[in-house]
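Architecture and fold: a report
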Amino acid sequence: MPLRRERARDGRLAWCRGEMFDPVLIANRGEVAVRVIRACRELGIGTVAVYSTADADSEHVRMADLAVCIGPPQPAESYLNIASVIAAATTTGCGAVHPGWGFLAEHASFARACEDNGLVFIGPTPEAIEVMGDKIRARSVMSAAGVPVVPGSPGPVDLSAAAAFAEEVGYPVLLKATAGGGGRGMRLVEDASTLADAYTVAAGEAEAAFSSADLYIEKALLKARHVEVQVVCDGAGAVATFGERDCSVQRRHQKLIEEAPSPGVSAAMRASLEETARGACLEIGYRGAGTLEFLAVPGDAFFFIEMNTRLQVEHPVTELITGVDLVHAQLAIAAGEGLPAELGSRRGHALEVRINAEDPARNFMPTPGTIERFRPPLGPGVRVDTHIVDGYVVPPFYDSLLAKVIVHAADRQRALERAVRALNELEIVGVPTTREFAIEVLQHPQFASGNYTTQFLELHGPELVAPSSA
Ligand code: ADP
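In short, a report on the structure. Bear in mind that the values here come from a model prediction, so they are computed numbers and not experimental data. (Residues numbered from 1 in each chain as written. Predicted model: local features only at pLDDT ≥ 70, side-chain atom pairs only at ≥ 80, totals over all residues. Heavy atoms only, no water.)

1. Here's the deal with the overall build of the protein
- For the protein, the count of helices and strands is 15 helices and 24 strands.
- In terms of overall dimensions, the protein is globule-like: its C-alpha atoms have a radius of gyration of 22 Å, near the 23 Å expected for 470 residues.
- With respect to the three principal axes, the spread of C-alpha positions in the protein is 65 × 45 × 45 Å.
- For the protein, the residues scored as buried account for 56% of the 470 residues in total.
- Taking all contacts inside the protein whose residues are at least 6 apart in sequence as the whole, residues at least 24 apart take part in 64%.
- Taken as two groups, the 42 positive and 59 negative side-chain charges of the protein have centres that lie 5 Å from each other. (Helix = DSSP H or I, 4+ residues; strand = E, 2+ residues; numbered from the N terminus. Rg over C-alpha atoms; globule rule 2.2 N^0.38 Å. Buried < 20%, exposed > 50% of the residue type's maximum accessible area, 1.4 Å probe, protein only. Contact = heavy atoms within 4.5 Å. Lys, Arg positive; Asp, Glu negative; His and termini not counted. Charge placed at Lys NZ, Arg CZ, Asp CG, Glu CD.)

2. Details of the site of the ligand
- In the vicinity of the ligand, 20 residues are found, and the nearest of them are K135, G183, H226, Q250 and E306.
- Here a nitrogen atom of the ligand sits 2.8 Å away from a polar atom, N or O, in the main chain of L221.
- Residue H226 places a side-chain N or O atom 2.6 Å away from an oxygen atom belonging to the ligand.
- For the ligand, the accessible surface in isolation is 550 Å², of which the surrounding protein chains cover 94%.
- The residue inventory of the shell around the ligand, partitioned by class, reads seven nonpolar, seven polar and six charged. (Near = heavy atom within 4 Å. Polar contact = N/O pair within 3.5 Å; in protein donor to acceptor, adjacent residues only side chain to side chain. Areas by Shrake-Rupley, 256 points an atom, 1.4 Å probe, with all protein chains shown as cover. Nonpolar A, V, L, I, M, F, W, Y, C, P; charged D, E, K, R; others polar.)

3. Quick word on the pattern of salt bridges
- Summed over all chains, the structure comprises 32 salt bridges.
- Among the salt bridges present, the one from E218 reaches R139, with a minimum N-O distance of 3.3 Å. One end of the pair, E218, is in strand β10 (residues 215-219); the other, R139, is in helix α6 (residues 135-144), with 79 residues separating them in the sequence.
- With a relative accessible area of 2%, E218 lands in the buried category.
- Note that R373 is salt-bridged to E427, the shortest N-O span being 2.8 Å. (Salt bridge = Lys/Arg side-chain N within 4 Å of Asp/Glu carboxyl O.)

4. What to know about the sheet that holds strand β3 (residues 24-26)
- Strand order in the open sheet made by the five strands is β5-β4-β3-β6-β7, with parallel pairing throughout. With one partner strand each, in any of the chains shown, β5 (66-71) and β7 (120-121) form the two edges of the open sheet.
- The pairing of strand β4 (residues 47-52) with β5 spans five bridges and is classified as parallel. Bridge pairing links V48 to L66 in β5.
- Running at roughly 165° to β3, helix α1 (residues 30-42) makes contact with β3, β4 and β6 (96-98) of the sheet. (Pairing = 2+ DSSP bridges. Axes fitted to C-alpha atoms, helices over the stretch in contact; angles between N-to-C directions.)

5. Some details on helix α13 (residues 435-443)
- The set of residues buried in α13 consists of R435, F437, A438, I439, V441 and L442.
- Contact partners of the buried residues in α13: β12 (239-251), β13 (254-260), β16 (349-356), α12 (412-425), α14 (445-449) and α15 (456-460).

6. Topic: the side chain of S52
- On the secondary structure map, S52 appears in strand β4.
- Assessed through its relative accessible area of 0%, S52 is described here as buried.
- Setting aside residues up to four positions removed in sequence, S52 forms contacts with C69, G71, P72, P73, S78, Y79 and Y398.

Right under this line is the structure:
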């Protein structure tokens, strides 16, 4: 059945209206679901939320037109339960499913289950998810497409092969889970004496997280920046690139602060990054929104590390500098509308700060509990993406992200000042958060200089002894 396009009463083109597409089921929770519901609302598309019993009182449940309980709190029994999510979509007459990011967004079997049940999966093909979800396959596909990749083993390695590789390319090296994600199953190995232990720990972590203990090994590039290119493709030869984001401020390989454009990327390097990303997407016939992640080293060289076949947490910084709503773009592509006509010129600088329910004074331990008071920052150039409200109870079952404070200003210096102003205005009372820690990062001379690498927090974290704000 073809997709229908309709004019809304006000003459606006209402994308995706029609039997197949309206409503859309949002297979996610928290700020992710809220973000997607907002985009659907703007386009006049109905929404169906799913929720676990722990989230019955959540903002995404309130905001959606309809909400379906899909199980108990444990993710495996609710948000990761493909049969329950599909049943929620089909029994409510949904035409499409938006996976958000996290949970099932990068499960090829979920994309396939959607297709098998006549639901449009708002994302790439299951095949693309599969290939990019296997880091070894992704590296070989990218390499074949002419993309420079970090030197690494061509396949999974056992301990002796890992040792041989490390001797050949030299320490430090990085052990990575082939099915990895979220920094899990990843261990930096500085020298031969710690390789065996690191291998055992990484393999155990990989087995626990991904049900596969397979590891491969890469040269570790330590004086590098994490730079990633946002792409949106229609799957039929049109590829748009939206510049880069810098996500080098990381704790245990988890991003904390992101900015666009990267202060370490020259115009020439940007052109080269975008051309490389475009070529790779054309080569693999990619469809939908995605991100190619690179490590950039001094001398303007960059190496592919992985591709995320979904939207990312930090997509708003790109939206703020380009003026493009990436969730709208995803919906349009899934509806067969192609790329946005207005791709947006880039302007100014954007910064995103993740505010987590974690206690920096206690090694960033998660701090579930009740938000007694929440006052988001307001004023010029400030956007807050969040699902929390006064009285919200942060459950212990999911990730600890409470809110993203995103700012836009004419240049980096003003964006920094605005971010600090906004974070000072932000009030979250009830649970310790990373708010004050983030302020210290923003004000650190090394971060302020723009000259920092993925090692920033390892090197300077101990100086940032801000008490958590509760
Ligand atoms: P995940 O999928 O678990 O997020 P990635 O492969 O994207 O893992 O890597 C996460 C982070 O780990 C990167 O942003 C970077 O900081 C660091 N990293 C990854 N590969 C390397 C490498 N070869 N050398 C140094 N750091 C790396």
